[in-house]
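In case you want the letters, here they are:
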Amino acid sequence: MRIPLVDLKAQYKTISEEIDSAIRNVIDNTSFIGGGIVTDFEESFAKFCGAGYAVGTNSGTSALFTALKLKGIGKGDEVITVPNTFIATAEAITMTGASVRFVDIDKDTYNMDVEQARIAVNEKTKAILPVHLYGQPADMKPILEIAEEKGLAVIEDACQAHGAAYKGKTVPVGDAACFSFYPGKNLGAYGDAGAIVTNDPELAARAAMVVDHGREKGEKYTHAIEGNNSRLATIQAAVLGVKLPHLARWTEMRRNNAAAYNRMLADVVTPVEAPYARHVYHLYVIRSQNRDALKQGLGEAGIAAGVHYPVPLHLQPAYRHMGLAEGSFPVTERSAKEILSLPMYPELSREQISFVCEKIAESS
Ligand SMILES: *Cc1c(COP(=O)(O)O)cnc(C)c1O
């Protein structure tokens, strides 16, 4: 049996007719930029998130950059985030001209350690950028309280957390969340795509302008402000529009798969679903002291496991200039050596899950 980490083909097979006809429709109309397909998807995705507005972008990275920029983040400012994330989180901060201030994570949820964030706030701090890692929301209530008290913006990196909820509220929990529709994400396009989701009409309107060369809606050669080109492509919106109605069911399938793993892996350190969280299991992450051997053993049995992420950002060559040595963030560093992402996607079968769990039992 060969089991991939994610299986995008299995999903395509179930919706191929709808997808093919949606893509064909865009090509037939040769209307590749903007249009009703994009705005329809934006409206539907905002609704799915229980929020007022969604603005499509060409990636999760540009969604994060645009949201930070519109919150007035720039040179001389600091933004607090975590080192256990994909590099795009930190890149988006640097792209604005601001500096990244890393804080350690909580050992059970792998999300921002709120007390560390509280301590890290200083006179340069302008925003907190919590990451809802693996599909589980960070502990937003205290984060929003710190932000309120210190006058900081909060932008949620929800690139792995489509449909996740915090105390019953679907993400975004605060002002604004940024999503990625990278193909392997829970809602994935057939190329790069992303969105900013917010309840703030002003932020939404400005974001829509920034990602489209500073144009106001309907204008072609009048640019109210200087923006850039980070639009959501129409073909990607068409794909996303087909997939979105399936997302709630796919998320239930992920959660059922996670529950099956949890039952079968009773002797292994399995993911914690915090009491405040509805986890959408973008990744199903276990822990092992013999992670590398376990990963290799699974690989030999045809099972692709992954590590998200093997090198914490503060130890990446790209951030060597920050001068953060090994030992700076012990919880992150230790987890980077022990975490292992098991195959997780909606179409994963019970047989496949059993096979993975058998192989794990054999290796320990
Ligand atoms: C995928 C991802 C991003 C970046 O999204 P892109 O669409 O690839 O630009 C940012 N943050 C996290 C946590 C991600 O998983």
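This is a predicted model, so every value here is computed, not measured. (Residues numbered from 1 in each chain as written. Predicted model: local features only at pLDDT ≥ 70, side-chain atom pairs only at ≥ 80, totals over all residues. Heavy atoms only, no water.)

A. Layout of the nonpolar core. Core analysis: the largest hydrophobic core is formed by 86 residues, its most contacted members being Phe41, Phe45, Phe179, Phe181, Tyr261, Tyr284 and Leu342. For Tyr284, the contacting residues outside a window of four places in its chain are Ala258, Tyr261, Asn262, Leu265, Thr270, Pro271, Leu340, Ser341, Leu342 and Met344. (Core = buried A, V, L, I, M, F, W, Y, C linked by side-chain atoms within 4.5 Å. Buried < 20%, exposed > 50% of the residue type's maximum accessible area, 1.4 Å probe, protein only. Contact = heavy atoms within 4.5 Å.)

B. Quick look at the site of the ligand. The ligand sits among 14 residues. The nearest are Gly60, Thr61, Asp157, Ser180 and Lys185. With respect to the ligand, the side chain of Thr61 contributes an N or O atom lying 2.5 Å from an oxygen atom. Contact between the ligand and Ser180: an oxygen atom at 2.6 Å from a side-chain N or O atom of the residue. About the coverage of the ligand: the protein hides 93% of its 380 Å² of free accessible area. When contributions to the shell around the ligand are tallied by element, the ones reaching two or more residues are helix H3 (60-70) and helix H4 (88-95). (Near = heavy atom within 4 Å. Polar contact = N/O pair within 3.5 Å; in protein donor to acceptor, adjacent residues only side chain to side chain. Areas by Shrake-Rupley, 256 points an atom, 1.4 Å probe, with all protein chains shown as cover. Helix = DSSP H or I, 4+ residues; strand = E, 2+ residues; numbered from the N terminus.)

C. A look at the sheet that holds strand E4 (residues 125-128). Read from one edge to the other, the open sheet built from seven strands follows the order E1-E9-E8-E5-E4-E2-E3, with strand pairing classed as mixed. Edge positions in the open sheet fall to strand E1 (53-57) and strand E3 (99-102), since each of these has one partner strand only. The mean angle between the axes of side-by-side strands here comes to 25°, regardless of whether they run parallel or antiparallel. Set on the sheet, H4 makes contact with strand E2 (78-81), E3 and strand E5 (153-157); between it and E3 the angle comes to about 140°. (Pairing = 2+ DSSP bridges. Axes fitted to C-alpha atoms, helices over the stretch in contact; angles between N-to-C directions.)

D. Geometry of a nonpolar patch on the surface. Judged by side-chain polarity, Ile27, Phe32 and Ile33 come together as a nonpolar surface patch covering roughly 280 Å² of accessible area. Looking at the element boundaries, Ile27 is found in helix H1 (residues 8-29). On the basis of relative accessibility, which here comes to 36%, the residue Ile27 falls in the partly exposed class. (Patch = residues over 30% accessible without salt bridge, like charges linked within 9 Å, V, L, I, M, F, W, Y side chains within 5 Å. Salt bridge = Lys/Arg side-chain N within 4 Å of Asp/Glu carboxyl O.)

E. Region of the structure containing unusual backbone geometry. Of note, the amide linkage connecting Val171 to Pro172 takes the cis form, showing an omega dihedral of 15°. Among the structural elements, Pro172 can be located in the loop between strand E7 (169-170) and strand E8 (176-180). Cis geometry is adopted by the peptide bond preceding Tyr309, which originates at His308 and carries an omega value of 20°. Here Tyr309 is to be found in the loop between helix H10 (291-300) and helix H11 (330-338). Phi angles above zero are rare outside glycine, and Tyr134 is one such case at about 65°. Mapped onto the secondary structure, Tyr134 falls in the loop between E4 and helix H6 (140-150).

F. Local environment of the side chain of His162. Summarising the element assignment, His162 is placed in the loop between E5 and strand E6 (165-166). The exposure class assigned to His162 is buried, which follows from its relative accessible area of 0%. At 2.8 Å, the side chain of His162 and the backbone oxygen of Ser180 are in polar contact. Other than its neighbours up to four places away in sequence, His162 contacts Phe45, Phe48, Phe179, Ser180, Phe181, Lys185, Asn186, Leu187, Leu247 and Val280.

G. Expanded view of the pattern of salt bridges. All told, the structure shown has 17 salt bridges when counted by the stated rule. For the salt bridge of Asp108 with Lys107, the shortest nitrogen-to-oxygen distance reads 3.2 Å. Residue class for Asp108 comes out partly exposed when judged on its relative accessible area of 37%. Take Lys107: its relative accessible area is 53%, and that puts it in the exposed class. Among the salt bridges present, the one from Arg118 reaches Glu115, with a minimum N-O distance of 3.1 Å. In this pair, Arg118 and Glu115 both sit in helix H5 (residues 114-120), three residues apart, roughly one turn of the helix.

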